Amino acid sequence: MIQAAGAEPTEVRTRTDLESVEALIIPGGESTTIGRLADLYDLIEPLRSRIESGLPALGTCAGMIFLASAVTEGTQPLLGVLDMVVERNAFGRQNESFECRLDVQGWDSPLQAVFIRAPLVDEISPDIEVLARHNGRPVLVGKEHILACAFHPELTDDLRLHKMLINLIQEQ
Amino acid sequence: MNQGANKVATGTTRVKRGLAEMLKGGVIMDVVNAEQALIAQEAGAVAVMALERVPADIRAHGGVARMADPAKVEEIIEAVSIPVMAKARIGHFVEAQVLQGLGVDYIDESEVLTPVDNNHHIDKWAFTTPFVCGARDLGEALRRIAEGAAMIRTKGEPGTGNVVEAVTHMRKMNNQIAKTICAGEDQIMALARDWAAPIDLLREIAAKGHLPVVNFAAGGIATPADAALMMQLGCDGIFVGSGIFKSGDPATRARAIVEATTFYENPQILAKVSRNLGEAMVGIEIDEIPAGQRMQERGW
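The present account deals with the structure reproduced in this document.

Residue and element names in this part refer to chain B. With respect to burial, strand E4 (residues 84-89) is a largely interior element, six of its six residues being buried. Alternating positions in E4 separate into two faces, Val 84, Ala 86 and Ala 88 on one and Met 85, Lys 87 and Arg 89 on the other, with burial throughout. Note that strand E3 (residues 47-50) and E4 share three bridges and pair parallel. Residue pairing across strands places Met 49 opposite Met 85, the latter belonging to E4.

Here the focus is the interface of chain B and chain A. Facing 44 residues of chain B, the contacting portion of chain A comprises 34 residues. Counting each side, the surface lost to burial between chain B and chain A is near 3,100 Å², with a carbon and sulfur contribution of 54%. At the boundary of chain B and chain A, one finds four salt bridges. Here Arg 36 of chain A ties to Glu 259 of chain B by a salt bridge, and the two come within 4.0 Å at their closest N and O atoms. Looking at the side of chain B that touches chain A, the elements with two or more residues in it are strand E1 (9-10), helix H1 (13-23), helix H2 (34-43), helix H12 (250-262) and helix H13 (267-274) of chain B. Take the side of chain B that touches chain A: its biggest share by element is seven residues, from H1 of chain B. Tallied by class, the residues present in the side of chain B that touches chain A amount to 21 nonpolar, 14 polar and nine charged. With two bridges joining them, strand E5 (residues 98-102) of chain A and E1 of chain B adopt antiparallel strand pairing. When the bridges of E1 of chain B are listed, Phe 98 of chain A appears paired with Thr 10 of chain B.

Side chains of a nonpolar character, in soluble globular proteins, are inclined to be buried together. Judged by nonpolar contacts, the single largest core of 56 residues is most densely connected at Met 29, Val 48, Val 73, Leu 99, Ile 221, Met 230 and Ile 238 of chain B. Here this core gets five residues from one element, more than from any other, and that element is H12 of chain B. The contacts of Leu 99 of chain B, once residues within four sequence positions are left out, are Met 67, Val 73, Ala 86, Lys 87, Ala 88, Val 104 and Ile 107 of chain B. Ranked by size, the runner-up nonpolar core spans 51 residues in total, among them Leu 82, Cys 100, Val 104 and Val 141 of chain A.

With that settled, the discussion passes to the pattern of salt bridges. Applying the stated criterion across every chain, the model contains 29 salt bridges over all chains. Here Asp 127 of chain A and Lys 143 of chain A are joined by a salt bridge, their closest N and O atoms 3.5 Å apart. Linking Asp 127 of chain A in the loop between strand E7 (120-124) and strand E8 (129-134) with Lys 143 of chain A in strand E9 (residues 137-143), this pair joins segments that are 16 residues apart in sequence. One salt bridge connects Arg 59 of chain B with Glu 157 of chain B, and the closest N-O pair in it is separated by 2.5 Å. Of this pair, Arg 59 of chain B sits in helix H3 (residues 55-61) while Glu 157 of chain B sits in the loop between strand E7 (151-154) and helix H7 (164-182); the two residues are 98 residues apart in sequence, bridging distant segments of the chain. As far as the burial class goes, Arg 59 of chain B and Glu 157 of chain B line up, both buried. In the salt-bridge network here, residues are joined through shared partners; they are Lys 87, Asp 108, Glu 111 and Arg 153 of chain B.

Moving on, we come to the side chain of Thr 32 of chain A. Residue position: Thr 32 of chain A is located in helix H3 (residues 31-40). Accessibility expressed as a relative area gives 16% for Thr 32 of chain A, which makes it buried. Other than its neighbours up to four places away in sequence, Thr 32 of chain A contacts Gln 76 and Arg 88 of chain A together with Ser 81 and Ile 82 of chain B.

Computed from the structure, the second largest pocket encloses a volume of approximately 610 Å³. Mapped by element, the contributors of at least two residues to the lining of the second largest pocket are H3 of chain A together with H2 of chain B. Sort the elements by how many residues they give to the lining of the second largest pocket and H3 of chain A lands first, with four residues.

So, about H2 of chain B. Those residues of H2 of chain B lying buried are Ala 34, Gln 36, Ala 37, Ala 40, Gln 41 and Ala 43 of chain B. Turning to H2 of chain B, the residues buried within the fold contact H3 of chain A together with strand E2 (27-31), E3, helix H4 (70-79), helix H11 (242-245) and H12 of chain B. If you check the start of H2 of chain B, you find a side-chain oxygen 3.2 Å away from the backbone N of Glu 35 of chain B, and it comes from Asn 33 of chain B. Following H2 of chain B by one or two positions, Gly 44 of chain B adopts a phi angle in the positive range, close to 105 degrees.

Bringing the side chain of His 169 of chain B into the picture now. Mapped onto the secondary structure, His 169 of chain B falls in helix H7. Filtering out sequence-adjacent residues up to four positions away, His 169 of chain B remains in contact with Ala 135, Arg 136, Thr 154, Lys 155, Gly 156 and Gln 296 of chain B.

Attention now moves to the sheet that holds E1 of chain B. Read from one edge to the other, the open sheet built from three strands follows the order E6(A)-E5(A)-E1(B), with strand pairing classed as antiparallel. The strands lining the two open edges of the sheet, one partner per strand, are strand E6 (111-115) of chain A together with E1 of chain B. Examined bridge by bridge, E5 of chain A and E6 of chain A share five bridges and lie antiparallel to one another. The residue bridging Cys 100 of chain A from the neighbouring strand is Ala 113 of chain A, located in E6 of chain A.

Here we come to a nonpolar patch on the surface. A grouping of Phe 93, Val 94 and Val 98 of chain B is seen on the molecular surface, where their side chains present a nonpolar patch of about 240 Å² in accessible area. Among the residues examined, Val 98 of chain B registers a relative accessible area of 32% and is labelled partly exposed.

On to H3 of chain A. Most of H3 of chain A is tucked away, with seven of its ten residues classed as buried. Of the residues making up H3 of chain A, those classed as buried are Ser 31, Thr 32, Thr 33, Gly 35, Arg 36, Leu 37 and Ala 38 of chain A. The secondary structure elements touched by the buried residues of H3 of chain A are helix H4 (44-52) and helix H5 (62-67) of chain A together with H2 and H12 of chain B.

Residue and element names in this part refer to chain B. The final tally for this structure, using the stated rule, is five cavities of 30 Å³ or more. Considering only enclosed or pocket space, the largest cavity measures out at about 180 Å³ in volume. Lining the largest cavity we find 23 residues, and of these Asp 30, Pro 158, Ala 218, Gly 219 and Gly 241 sit closest to its centre. Listed by contribution, the elements that provide at least two residues to the lining of the largest cavity are strand E9 (238-240) and H11. By volume, the second largest cavity is sized at about 120 Å³.

Scoring rules and cut-offs
- Residues numbered from 1 in each chain as written.
- Chains lettered and ligands numbered in written order.
- Predicted model: local features only at pLDDT ≥ 70, side-chain atom pairs only at ≥ 80, totals over all residues.
- Heavy atoms only, no water.
- Buried < 20%, exposed > 50% of the residue type's maximum accessible area, 1.4 Å probe, protein only.
- Helix = DSSP H or I, 4+ residues; strand = E, 2+ residues; numbered from the N terminus.
- Pairing = 2+ DSSP bridges.
- Contact = heavy atoms within 4.5 Å.
- Buried area = accessible area lost by both parts, 1.4 Å probe.
- Salt bridge = Lys/Arg side-chain N within 4 Å of Asp/Glu carboxyl O.
- Nonpolar A, V, L, I, M, F, W, Y, C, P; charged D, E, K, R; others polar.
- Core = buried A, V, L, I, M, F, W, Y, C linked by side-chain atoms within 4.5 Å.
- 1 Å grid on protein atoms, 1.4 Å probe; cavity = no way out; pocket = protein on both sides within 12 Å on 5 of 7 lines; lining within 4 Å.
- Points joined across faces, edges and corners; volume = space filled by probe spheres on them.
- Polar contact = N/O pair within 3.5 Å; in protein donor to acceptor, adjacent residues only side chain to side chain.
- Patch = residues over 30% accessible without salt bridge, like charges linked within 9 Å, V, L, I, M, F, W, Y side chains within 5 Å.
- Areas by Shrake-Rupley, 256 points an atom, 1.4 Å probe, with all protein chains shown as cover.

Quick look at the structure:
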C-alpha cells in the first residue's frame, strides 16, 4: 500500500530503526500495548524529539491516541506532540464499529472511513486544523507535518492520506 | 455536506476482519476472571479471551465444557479497555447470540469447549460480532471463512503446553497456500476437491498471495521461544491459553511472551526475556492423550 503510494516501507521497532526513516506511520492497534512497548524499549523520547524536529508523521486510531497529549480516562504513555485530549473507544465496543463515507476538507470526493473501536477527539487546541468531522466531532486533524485520524486508511485502497504524508516529506 | 456522509454500516466484512488486522503482531491471553484480565492488559496483551476454565483445567476435569458464565464475561469486560473475546461451543449459535448480546468484541467458536453439533458450525454471517475459528489446514480455514469467520487460528493441541501440533498445522497451511499460489486455473478445482475447500476462496488466495483474514497461532504455546517460533513460521500473532496462568509466575511470563512476539526475529531480546521466568506449565506428550480426547479433532 505504501509502495503503491510511492514510498518504501520499513518496520520501526527499535531506536536504530527509527533513525533510518524519513516519515513515520503509527498504525492502528492497541494503544496500551504500543505505549507500553515503546516505553520499555526507550522509544518515547526519541520519537517525540524526532517528530518535534520535523519528521512527518501519520497516526491512525491507536496512533492518533499515541500522538495526543492526554486521554480522557486512565494514564498511558503518550507522545504529546498534538495538543488534544482523546477519548478511547468513544463509539463503544466492536458491535458499534462501522464504516461510512467521510467528506474531507479540500478533497473532491469523500473517503470510505473504517472506524474500529475508534477514539474521538474530545478537546483540541485551536492551532490544530480539523480536516474532517463525523457527527460534528473531529476525526481527521493536522498540524504542520503531523496528521492524525480516528479511522483506518490502512484498511481501504484509498491512497490519498498516505500520499499526503509522502508530500510532507517533500515539503520538509 | 454529501448526502450519504452520515450513513454508517456496522458489522461489515471489512469492519469484522479489520479488528483482527489491528491485533496483528500481538498476544491474546486466556483469562478466567477480572484479576487475570488486568494482569494480561498490564503485560501488553492486545486482547483477552474470557472462558470458564483454561484448556489445561478443562482437560484435567473432564465433563462438558460450556460458554463462560455471563457474569464472569461482564466482569472481564468491565475490568479492561482492550478487546474482550469469549468462547462459544462449536455449533452453539445461541451461546454466540448471548455473547453478542453481552457486547464481546470477538466470538471464538472453539474446539476447546464441547461441541454441540457434529455436522454444522455456526452461520457466522448472521452476527454483527466477528468470529475467530480454529483450523488444522487450509481447507478447514477456508470452510470457516466461507461460513463467515473473520479471523483464523491454528488449532494446535490446547492445554498441553506442547507446541508441536501448532507447528504442524501452521506448516501445513503455509505449504497449501504456496501450492495454491503456484497452481494454475487448470489445477485449482482439483485442490478444492482434495482439500474440501471453497474454490472462490482458493482463487482469491492465488490472486492475492495470502489468506483473506488474519491467522494467529494457538494450542500449546508455553514459552517466549514458542511464540517467536510461531511468528517466524509466518503467523500474524499468538493466542496463549493455559501457558500463562498455569505457570509459576504469570505476570512475568505474560510480559516475556508479549516482548518475544514483538521482537520475534531478535535472538538477543529473546534470550533476555526468557531468563528466570520460573516454572513453565507442565507439558503433555501428544501420544499420551487417549484417542478421542484430542481437542483438535473436534469440528471439521
